[in-house]
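Commentary on secondary and tertiary structure
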Amino acid sequence: MANTLKSGLLSRGKNMVEFEEEMAAYLGKKHALFTGNGTQAQMLLLRSLGIGEGDEVILPTYVCDKVWKGIEAVGAQPVLCDVDSKGCMTADEISRKITPNTKAIILVHIFGINSWSDGLAQLNIPIIEDICQSFGSLYADQKTGTFTSYAFTSFHGTKAMGLGEGGMLFTDDTALFERIIQLKSELGFITSGTDIIAALGVSQLQRYDEGLMRRKEIAASYFEKIDSVLNSWIAEIRDRSMFFRYVLKSQGEWEHIRESYLEYGVHVRKGVDSLLHRQYGFSDVEFPNATQLFEQAVSIPILPQLTDEQVNSIIEITHDLKEKRIL
Ligand SMILES: Cc1ncc(COP(=O)(O)O)c(C=O)c1O
């Protein structure tokens, strides 16, 4: 870090180049570009694929608003899709939303869950993998972000590789990458990450897999010791998640659950704060699976920094709230 400050190259210095190269190598991608945030990386990928006015881009309803906004920002129309019981869009659901104007699909690997499934490749529409919540998630020997040629991630402070701010896009397509670099300079408003953040990123990447292992360890304790009904979502995705979130399924009343955990000093969250279809005026009837998952989701803490003692205490509190029929 001191070397970065001394070098005077705080905008595009050697750490940025190193960070891009190491991130690309980690994923096994040919090219990476460090951007100001994940949304800008998404916009650059869409624009470089020629997507704009009059085009439609499919995304899940079960994701944060930034993905919708990033599509609108290139002038295209976001089209919402339901997810399956795992929280993932499937080829069947996506097919129902395809029109002659569909030019891309944003496949969100939500909560760390690898969303890739059979049939997606046959849709013959470019699929951009959103790995903001699932960087490093490995399923059947393949990492998220490597199923198609286009992927992006976020380094927002809330993410598994949280650097405060920043994002990165990845592609294997050299011609497209050259277009991306050119577009970035033409558009002018897309920012880059900084060399200081890149230096942090390089050092976090060295320890990143340790954090993933710790997440798996905590998830294994939760899975073994928490009630199986509460664990029914996890039972479906256990082998395909890096556990960015550990989400219980509960029939209880959300505010009551949140406040009850808080009485013990534990912060639980919904995972996503609202469903996009509700936000943009569509009915729950069209999105039954996402609506059910959202209503029942209780995301309990799974940060790698948690001690065994804290993990056991969360398990006990969860047990207690289940006994009291709050969960
Ligand atoms: C799934 C998902 N996609 C996209 C984004 C947008 O990333 P950023 O906040 O870096 O623009 C985020 C994070 O906020 C996210 O969680």
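Everything numeric here is computed off the predicted structure, so don't read it as measured data.

What surrounds the ligand is a group of 14 residues, the closest being G38, T39, K66, D130 and S154. Contact between the ligand and T39: an oxygen atom at 2.6 Å from a side-chain N or O atom of the residue. Here an oxygen atom of the ligand and a side-chain polar atom of K66 are 2.6 Å apart. Burial of the ligand by the surrounding chains reaches 96%, relative to a free accessible area of 390 Å². Of all elements in the fold, only helix 3 (38-48) and helix 4 (65-72) reach the threshold of two or more residues within the shell around the ligand. For the shell around the ligand, the residue count by class is five nonpolar, six polar and three charged.

This next bit is on the side chain of S48. With respect to the element layout, S48 can be found in helix 3. Once you skip the residues sitting within four places of it in the chain, S48 turns out to touch L176, R179, I180 and L183.

Where burial is concerned, the two faces of strand 10 (residues 246-249) agree: the one with Y246 and L248 and the one with V247 and K249 are both buried. Sheet topology note: the strand 10/strand 11 (residues 297-300) ladder contains four bridges and is antiparallel. From the neighbouring strand, L248 faces strand 11, where its bridge partner is V298.

Take the sheet that holds strand 1 (residues 31-35) next. On the basis of which strands lie adjacent, the open sheet formed by seven strands has the order 1-9-8-5-4-2-3 and mixed pairing. Of all the strands in the sheet, just strand 1 and strand 3 (77-81) have a single pairing partner and so form its edges. Each strand axis lies, on average, 25 degrees off the axis of its neighbour in the sheet, ignoring direction. Bridging between strand 2 (residues 56-60) and strand 3 involves five bridges; their strand directions are parallel. Considered in strand 3, the bridge of P60 is made with C81.

Negative phi characterises most residues that are not glycine, and trans characterises most peptide bonds. Phi is positive for F111, close to 60 degrees, though the residue is something other than glycine. Here F111 lies in the loop between strand 4 (102-108) and strand 5 (127-130). Phi is positive for R325, which is not a glycine, with a value near 60 degrees. In this fold, R325 is placed in the segment after helix 12 (308-323). Using a relative accessible area of 76% as the deciding quantity, one classes R325 as exposed.

Rules behind the numbers
- Residues numbered from 1 in each chain as written.
- Predicted model: local features only at pLDDT ≥ 70, side-chain atom pairs only at ≥ 80, totals over all residues.
- Heavy atoms only, no water.
- Near = heavy atom within 4 Å.
- Polar contact = N/O pair within 3.5 Å; in protein donor to acceptor, adjacent residues only side chain to side chain.
- Areas by Shrake-Rupley, 256 points an atom, 1.4 Å probe, with all protein chains shown as cover.
- Helix = DSSP H or I, 4+ residues; strand = E, 2+ residues; numbered from the N terminus.
- Nonpolar A, V, L, I, M, F, W, Y, C, P; charged D, E, K, R; others polar.
- Contact = heavy atoms within 4.5 Å.
- Buried < 20%, exposed > 50% of the residue type's maximum accessible area, 1.4 Å probe, protein only.
- Pairing = 2+ DSSP bridges.
- Axes fitted to C-alpha atoms, helices over the stretch in contact; angles between N-to-C directions.

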